[in-house]
Amino acid sequence: MGIVGYAVKKAVEGFFTIIAALTIIFFLVNLAPGNPIYFIAGDPVFLSPAVVEYYTKLWGLDKPLYYRYFVYISNLLRGELGRSYRFGGPVAQLIAERLPLTLSLTITSNIIAFVVGTLLGLLAARKQGRSTDTTLTVFTFIFNSVPGFLLGIVLMLVFGVHLKLFPVAGLMDLKNPKTGIMLYLDIAYHAFLPILTLTLILIPAYFKTVRDSAVQQLVEDYVTTFRAVGLDDSKIFRKHILRNVILPPITLLAVRLGFSLAGAALIENVFGWPGMGRLLLDSIRERDYPVLMGIYATVVTAIVAISKVLDVVYGVLDPRVKTGR
Amino acid sequence: MLLTLGILALCVPYMGLPYFNSMEFPRLAPPSPKNVFGTDHLGRDMLTRVLWGARVSLMIGLCAAGLASVIGIILGSISGYFRGRVGTVIDSLINVFQVIPAFFLALVFLVVFGSSMYLLVVVIAVTTWPMIARIMRAQVMSVKERLFVEAAKAVGCGDLRVLFKHVVPHAIPPAIAYSILEIGAAIIMEAGLSYLGLGDPNYPSWGRIIYEGQPYIISAPWISLVPGAFLVYTIVSINLIGNGLLKVIAPKLAQR
């Protein structure tokens, strides 16, 4: 099978995966007990039937389920995410407003975690069995077991409340608003703690992957040969081992980026960061189903797209992958 | 480590501590000899609540992980053994669940159907089984090529008998080790969901207590920090056990 055929196959697979994932959520949400109108407008006792009827018509809730399902899917295929129950505005616009804020957190922290985790992993492998290695392993193990939101709370208490080094929550300083370049610096200042939290939570995975594969590389023949020839360790690590261990953490980075669209929700909640996660939680609380499903569709599409692109890239890099297992 | 906690959790009802919802103490009192971990905003003793929380969190973790492994092991074995149409269907199910962020799906589930302890267990299990199913499938696929399986077939054993009597016992150990890690993951997930206020409001789980302590985080940080410390302690010990087991049973998987 040629690489084009393979890519097409993966794309088709991805397409159906997305549709299946969307179908699950559609029926979950639409079979839910309770009319969303009552959640948003209040008790039916106080609503005039005309209002209820108007919104039922407007949101298409009077149509049968299968009809709504096909409308939903076909709208999505055209990139139309519908309108928010709460704000009335298009969902796509809401998401577009919040997305950059979330991405600025997750991309930054993932990249920092990738770099730091990889370097620490290499360092640990180099000092394998010694105290540096043990300390790093223990620390990452512990951070791996700490729920992100808890770490966030602790960091907020330490740096925000007691040391007063960083703002506790929010996106910017509302008391004395800044303009121009200072505004961006202010946002970055507020983003510090959420990014730190996310980074600390993400490092262990990168560290472990890199350390374990580097340790495996150390016993390979080529390392022994280089050592015998008299190459010093730091050069072996920089030039040769790094190349051999860098692929798995890159894969991890790509996968994580997909998931991180939604994954930061808890931490955004701790720090009051108005990103996608907050939008998601708010829309869940307010039963704003179109927004909920819009975010869901965005996230799932991103994850599937990234994983399928990775599959194809691997297919190009390593033809054995294509023929399978 | 974990054992002491487990025993404590089992014994709480008989230890003569104040009832976990009784509000007989001063509000937001800091830790003192009378209330070792202080009290919360309703004047409830934190020591009792945290220990009851251990009960709730551990139980949800155990049940959810147990249910997830049962689903995962059964579906994984079937899809690994029958590579035909059934296998494909289960495979694609696993794939679909793998692209849905589990936490996201669990959130929606709880919001849509309301929250209770049983539902939490089911929701966590339903969203986390694919991991175990994948491991089980890979294991079954490799075990079923072995000679003794062919022997069993030659003697005339039916497919299901071969699968569950001969293949599964050989394939199951790594899945079990993963199930133990899964307990930790389930506890974290429960804590996260409860932290968002989606837990069972009637019982104090650790996540729930942290959530309730959040508004007082500056004036009374112990409300959130004490259960948080217990949470981390528990998960670290569960992960240690799980990883240790994994290293013994399946060194190859542990290295990933």
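Note that the structure is predicted; figures quoted are calculated from it, not measured.

Asker: Any chance you could break down the overall build of chain A for me, citing the residues and the numbers?
Answerer: What chain A contains, in helices and strands, is 15 helices and zero strands. In chain A, buried positions account for 34% of the 325 residues. A fraction of 75% describes how many contacts in chain A between residues 6 or more apart in sequence connect residues 24 or more apart.

Asker: Which residues make up the overall build of chain B, and what are the values?
Answerer: Counting its secondary structure elements, chain B contains ten helices and zero strands. The helix and strand sequence of chain B, counted from the amino end, reads α-α-α-α-α-α-α-α-α-α. Within chain B, the fraction of its 256 residues that count as buried is 50%. For chain B, the proportion of contacts with a sequence separation of at least 24, taken over those separated by at least 6, is 68%.

Asker: Which residues make up the packing of helix H4 (residues 102–113) of chain B against helix H7 (residues 159–195) of chain B, and what are the values?
Answerer: Residue and element names in this part refer to chain B. Running from N to C, H4 and H7 cross one another at 50°; their axes reach a closest spacing of 11 Å. It follows that H4 is oblique to H7 by the angle criterion. In this structure, the crossing between H4 and H7 has a hand that is right-handed. For the pair H4 and H7, the contacting residues are Phe103, Ala106, Leu107 and Leu110 in the first and Met189, Gly192 and Leu193 in the second. Here the contact of H4 with H7 is composed, by residue class, of six nonpolar, one polar and no charged.

Asker: Got a sec to walk through helix H4 (residues 65–77) of chain A? Specific residues and values, please.
Answerer: Given a rise of 1.5 Å per residue, 13 residues ought to cover 18 Å, and the 18 Å separating the end C-alpha atoms of H4(A) matches this to within 8%. In terms of burial, H4(A) is largely open, as just one of its 13 residues are buried.

Asker: Quick one: what's the story with the packing of H7(B) against helix H9 (residues 222–249) of chain B, residue by residue and with numbers?
Answerer: Residues and elements named next belong to chain B. Contact pair H7 / H9: the axes reach a minimum separation of 8 Å and the direction vectors enclose 165°. In terms of axis orientation, H7 runs roughly antiparallel to H9. By crossing handedness, the relation of H7 to H9 is classed as left-handed. Contacts between H7 and H9 involve Pro173, Pro174, Ala177, Ile180, Leu181, Ile183, Gly184, Ile187, Ile188 and Ala191 from the former and Leu231, Thr234, Ile235, Ile238, Asn239, Ile241, Gly242, Leu245, Leu246 and Ile249 from the latter. Of the residues belonging to the contact of H7 with H9, the class tally is 16 nonpolar, four polar and no charged.

Asker: Quick rundown of the interface of chain A and chain B? Include the residues and the values.
Answerer: Think of interface size as the accessible area that goes away when the parts come together; that is how it is often given. Taken together, the contacts link 32 residues of chain A with 29 residues of chain B. Among the elements of the structure, helix H1 (3–30), helix H6 (131–145), helix H7 (148–162), helix H11 (247–263), helix H12 (265–271), helix H13 (276–285) and helix H14 (289–317) of chain A are those that each provide at least two residues to the side of chain A that touches chain B. A total of seven residues in the side of chain A that touches chain B trace back to one element, the largest contributor, which is H14(A). Taken together, the residues that form the side of chain A that touches chain B break down as 25 nonpolar, six polar and one charged.

Asker: Any chance you could break down the environment of A:Thr301 for me, citing the residues and the numbers?
Answerer: Residue and element names in this part refer to chain A. Position of Thr301 among the secondary structure elements: in helix H14. Exposure remark for Thr301: the 20 C-beta atoms within 10 Å place this residue in the buried category. Put simply, Thr301 and Thr17 are 284 residues apart on the chain and 9.2 Å apart in space, counted from C-alpha to C-alpha.

Asker: Mind laying out the nonpolar core, listing which residues take part and the relevant values?
Answerer: A:Val300, B:Ala106, B:Leu107 and B:Ile132 are the most contacted members of the largest nonpolar core, which totals 140 residues. At 19 residues, the largest contribution of residues to this core is made by H7(B). Apart from residues lying up to four places away in sequence, A:Val300 is in contact with A:Ile18, A:Ala21, A:Leu22, B:Val99 and B:Ile100.

Asker: Can you tell me about the environment of B:Gly228, naming the residues and giving the values?
Answerer: Positionally, B:Gly228 belongs in helix H9. Contacts of B:Gly228, omitting those with residues within four sequence positions, involve A:Leu150 and B:Ile210.

Asker: Quick one: what's the story with the confidence of the model for chain B, residue by residue and with numbers?
Answerer: Per-residue pLDDT for chain B averages 76, and the proportion of residues at 70 or more is 79%. Across the assembled chains, the prediction reports ipTM 0.74 with pTM 0.78.

Asker: Tell me about the environment of A:Phe114, residues and numbers included.
Answerer: Residues and elements named next belong to chain A. The residue Phe114 is located in helix H5 (residues 91–126) in this model. What makes Phe114 buried here is the crowd of 22 C-beta atoms within 10 Å. Along the backbone, Phe114 and Thr199 are 85 residues apart, and their C-alpha atoms lie at a distance of 8.8 Å.

Cut-offs used in this document
- Residues numbered from 1 in each chain as written.
- Chains lettered and ligands numbered in written order.
- Predicted model: local features only at pLDDT ≥ 70, side-chain atom pairs only at ≥ 80, totals over all residues.
- Helix = DSSP H or I, 4+ residues; strand = E, 2+ residues; numbered from the N terminus.
- Buried ≥ 20, exposed ≤ 12 C-beta atoms within 10 Å, placed from the backbone.
- Contact = placed C-beta atoms within 7 Å.
- Axes fitted to C-alpha atoms, helices over the stretch in contact; angles between N-to-C directions.
- Parallel < 35°, antiparallel > 145°, perpendicular 65-115°, else oblique.
- Left-handed = near helix turned anticlockwise from the far one by under 90°.
- Nonpolar A, V, L, I, M, F, W, Y, C, P; charged D, E, K, R; others polar.
- Expected span 1.5 Å × (residues − 1).
- Core = buried A, V, L, I, M, F, W, Y, C linked by C-beta atoms within 7 Å.
- pLDDT = per-residue confidence, 0-100.

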